[in-house]
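# Structural overview
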Amino acid sequence: MTIQLPDATGGLRAYEPRTDPLAVTPGAPFTSRTVFSAAHVVADPYADVTPDSPAAVDWDATLAFRRHLWSHGLGVAEAMDTAQRGVGLDWAGAAELIRRSAAEAKAVGGRIACGVGTDQLASGTLAEVRAAYEEQLAVVEEAGAQAILMASRALAKAASGPEDYLEIYGHLLRQAAEPVILHWLGPMFDPALEGYWGSSDLDAATDTFLEVIAAHPDKVDGIKVSLLDAQREIDLRRRLPQGVRCYTGDDFNYPELIAGDDQGFSHALLGIFDPLGPLAAEAVRVLDTGDVTGFRELLDPTVALSRHLFQAPTRFYKTGVVFLAWLAGHQSHFTMVGGLQSARSLPHFARAYELADGLGLFPDPKLAEERMKTLLAMYGVAQ
């Protein structure tokens, strides 16, 4: 049986879905790398909301997906960009997500780290930015989760130079109860973060970033770098103080960065590990045995899918992530908070389906095929 998929030229092409999913099973905890999946939220499809309304979340399905990730040994990076922070999920919704997920993590023994930002503010003074960060840090610490200090749109707008970043981050690190992860999200993910760390010159920005870490190495567990530049990440991780980890956020080059070289490697905190969870976990367990070749053989073929989902405008990658979760049976619908399901085209969805199916990511290939045909029919594509 074949399925007719649209392509970028406006035509249709026949695709024959695979019938067997990739065989992976939950296994032992990882020993060589710390790996987080930034997880998406599941919208409540029955809520009478608009794109401007506060997010209506299906909490049962959202927490079930996190249990799925934990069952494969992955940590969950909660309330991050993948969860549509500031793009459908406001701070009130994120705070509820943090509390619920942290409680669930404690109940099942899962690892969790949660995003701390300033999305209560559209803009504000430096003092207001600092207070917003403090409010969110308190919520995460009270929930018993590790904190990830996220890049702040409000800080990017309020800061006049590197010294403002040094002051704000220094203050937060001094008061943090436990070591945090610092998150550098590039403007390809959020254009409002252009010039973060006080400069659009990435070399100058890197120097400021490292200055923050060097002043408080005991309060920095690691850094997450999402710049989609493998060599820059390698250069940066080689300059980190001893004991500070680099968590790759590079959804284009993650296999080589996690594998590493003779001078070190990156751990991982990745949005692409939401749809790749079981496969990624299997690959890391192979790497735990020292088999770098086997690790690359499993993970390298996934890069084409990741590059497709994260293609420009990169900030809309969440649409593809949720689409694949629907096809894989992790949720009953393809609806997103903020109405973001409309952010990608039908040819984009078709290619994502084909690439994911080719990797064996769908536990029930027939279900995925039926759901893909449902979507095609909605767009007027007859089979």
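As a reminder, the structure under discussion sits directly above these lines.
Report follows, based on the coordinates. (Residues numbered from 1 in each chain as written. Predicted model: local features only at pLDDT ≥ 70, side-chain atom pairs only at ≥ 80, totals over all residues. Heavy atoms only, no water.)

This brings us to the pattern of salt bridges. As enumerated under the stated definition, the model contains 19 salt bridges in all. Between R153 and D190 there is a salt bridge, with its nearest N and O atoms 2.6 Å apart. Of this pair, R153 sits in helix α4 (residues 153-158) while D190 sits in the loop between β7 (180-185) and α6 (202-215), and the two are 37 residues apart along the sequence. A residue is classified by how much of its surface remains accessible, and D190, at 11% relative accessible area, is buried. Beyond isolated ion pairs, a larger network of salt bridges with shared partners links R13, R351 and E354. (Salt bridge = Lys/Arg side-chain N within 4 Å of Asp/Glu carboxyl O. Helix = DSSP H or I, 4+ residues; strand = E, 2+ residues; numbered from the N terminus. Buried < 20%, exposed > 50% of the residue type's maximum accessible area, 1.4 Å probe, protein only.)

This part is about α6. The end-to-end C-alpha distance of α6, which contains 14 residues, comes to 20 Å, matching closely the 20 Å that a straight helix rising 1.5 Å per residue would cover. Listed as buried for α6 are A205, T206, T208, F209, L210, V212 and I213. If you follow the buried residues of α6, they end up packed against α5 (162-175), β7, β8 (220-226) and α7 (230-237). A side-chain oxygen of the first residue of α6 lies 2.8 Å from the backbone nitrogen of D203; this N-cap is D201. (Expected span 1.5 Å × (residues − 1). Contact = heavy atoms within 4.5 Å. Polar contact = N/O pair within 3.5 Å; in protein donor to acceptor, adjacent residues only side chain to side chain.)

Here strand β1 (residues 3-6) runs beside strand β2 (residues 12-15); their pairing, made up of 4 bridges, is antiparallel. Across the sheet, the residue bridging to P6 is L12, located in β2. Between β1 and β2, which pair antiparallel one after the other, the connecting turn spans 5 residues, and G10 there sits at a positive phi close to 95 degrees. (Pairing = 2+ DSSP bridges.)

The omega torsion of the bond from A312 to P313 falls at -5 degrees, within 30 degrees of zero and hence cis. With respect to the secondary-structure elements, P313 resides in the loop between α11 (303-309) and α12 (317-327). One non-glycine residue, Q84, lies in the positive phi region at around 65 degrees. Among the secondary structure elements, Q84 is positioned in the loop between β4 (75-78) and α2 (91-108). Residue Q84 is classed as buried on the basis of its relative accessible area, which comes to 1%. The backbone of W197 shows a phi angle near 70 degrees, a positive value even though the residue is not glycine.

Such coordinate-based values are descriptive only and should not be taken to indicate function.
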